Amino acid sequence: MVVKFFCPHCGNAIEAADQYAGTTGRCARCGQPVQVPGGAGFGPAYADSPRRRTFWVVILAVVLAGTMVLLAMIGILIALLLPAVQAAREAARRSQCLNHMKQIGLAMLNYHDVYRCFPPVTPDDPAAPGWRTLILPYLNEAALYERYDLSQSWDAPDNAFVVNTVLPEYNCPSVEGPLLRTHYVRVVGPDTMADPDEIVSCPDIVDGLSNTILCVEWPDSEIRWAEPRDITLEEFLAWFAEPKHRRGHPGGINVLLGDGSVRFLPYSTPVEKVRAMLTRNGGEVIDFEGL
């Protein structure tokens, strides 16, 4: 067997037969006396000498320090990029929500073209179909609408298939929760676009279609899409004025106007200004660009 070791003086690699273990010779490079490892009284070989152990300790420390620095840099990058990624995701969800409301607006206007009025709201008659059900044919859901029995209430067993069908158009993607729930409701009250005592059509919108809200996004809604229920004017204004709601889009909600356009309504908007947007004949001119 051959013993391999290094000269402790110059570091020259030396090979010697194991029978010479423990004997002393001279290095072929520097001529200094060297002892072949393994013999009695020799002590640890050069490979295990304090100098070499120190060398490997230093190498290990450098590697560990480099790894820690790399992990710290990765953590900093994640911390910097995460808000940007979350903001990009929310921007995409807000855009999708806006598109849902535009589809609803187009369906409402198509319904108006056929019946010369907007879908009615009937809060005092829970057996009547809700407006979200009435516009199904104009949301490319004519087949689903045909399966709905208008002579029965929305929660009747014969209507179970329809009301248990998930319609993404009625959900805001920024709000988690049951998919059968809707986040798009109409604000019901006197002189609104959803006046329960009147059949409202475009000529009734004295303030102008582009100045009057037809439908709002309500992130806290627990209403199922087929349920003929919405939110009253005073309930909505009280909810909008509360600073505690943070569900949905940061800073505000999307609203659908009578002309089918969708605008973002910040929570910082004064409540009386919101009331003016929700009434159709107050004579107000709303500057949405200034919100």
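Residues numbered from 1 in each chain as written. Predicted model: local features only at pLDDT ≥ 70, side-chain atom pairs only at ≥ 80, totals over all residues. Heavy atoms only, no water.

### Brief notes about empty space enclosed by the protein
Step number 1: Going through the model one piece at a time under the given rule, you end up with 2 cavities of 30 Å³ or more.
Step number 2: As a volume, the largest cavity reaches approximately 50 Å³.
Step number 3: Considering the residues around the largest cavity, the lining is formed by Phe118, Pro119, Pro120, Val121, Arg186, Met193, Ala194, Asp195, Glu198, Ile199 and Val200.
Step number 4: Class assignment of the residues belonging to the lining of the largest cavity gives a composition of 8 nonpolar, no polar and 3 charged.
Step number 5: In this structure, the second largest cavity encloses a volume near 40 Å³.
Step number 6: Around the second largest cavity, the lining residues are Val187, Thr192, Met193, Ala194, Ile213, Leu214 and Leu278. (1 Å grid on protein atoms, 1.4 Å probe; cavity = no way out; pocket = protein on both sides within 12 Å on 5 of 7 lines; lining within 4 Å. Points joined across faces, edges and corners; volume = space filled by probe spheres on them. Nonpolar A, V, L, I, M, F, W, Y, C, P; charged D, E, K, R; others polar.)

### Things to note about the confidence of the model for the protein
Step number 1: Predicted confidence across the protein gives a mean pLDDT of 85, with 85% of residues reaching 70 or more.
Step number 2: Within the model, pLDDT remains below 50 along residues 39–47, and this stretch shows 13 contacts once partners closer than five positions in the same chain are excluded. (pLDDT = per-residue confidence, 0-100. Contact = heavy atoms within 4.5 Å.)

### Topic: helix α5 (residues 233–241)
Step number 1: Considered for burial, the residues of α5 that qualify are Leu233, Phe236, Leu237, Trp239 and Phe240. The buried residues of α5 occupy one face: seen down the axis, they fall within an arc of 165°.
Step number 2: Those residues of α5 that are buried lie in contact with β6 (187–188), β7 (213–217), β8 (231–232), β9 (252–257), β10 (262–266) and α6 (271–278). (Buried < 20%, exposed > 50% of the residue type's maximum accessible area, 1.4 Å probe, protein only. Helix = DSSP H or I, 4+ residues; strand = E, 2+ residues; numbered from the N terminus. Arc of directions from axis to C-beta.)

### Looking at the side chain of serine 221
Step number 1: Inspection of the secondary structure puts serine 221 in the loop between β7 and β8.
Step number 2: There is a polar contact of 2.8 Å between the side chain of serine 221 and the backbone oxygen of threonine 182.
Step number 3: Those residues in contact with serine 221 that lie beyond four places of it in its chain are Arg181, Thr182, His183 and Val185. (Polar contact = N/O pair within 3.5 Å; in protein donor to acceptor, adjacent residues only side chain to side chain.)

### Observations regarding the side chain of asparagine 159
Step number 1: Structurally, asparagine 159 is set in the loop between α3 (142–146) and α4 (160–163).
Step number 2: Separated by 2.9 Å, the side chain of asparagine 159 and the backbone oxygen of serine 153 make a polar contact.
Step number 3: In this structure, asparagine 159 is in contact with Arg147, Tyr148, Asp149, Gln152, Ser153 and Trp154, ignoring residues within four places of it in sequence.

### Concerning a nonpolar patch on the surface
Step number 1: On the surface, Phe55, Trp56, Ile59 and Val63 cluster together to form a nonpolar patch covering roughly 390 Å² of accessible area.
Step number 2: Tracing the chain through its elements places phenylalanine 55 in helix α1 (residues 50–115).
Step number 3: With a relative accessible area of 44%, phenylalanine 55 lands in the partly exposed category. (Patch = residues over 30% accessible without salt bridge, like charges linked within 9 Å, V, L, I, M, F, W, Y side chains within 5 Å. Areas by Shrake-Rupley, 256 points an atom, 1.4 Å probe, with all protein chains shown as cover. Salt bridge = Lys/Arg side-chain N within 4 Å of Asp/Glu carboxyl O.)

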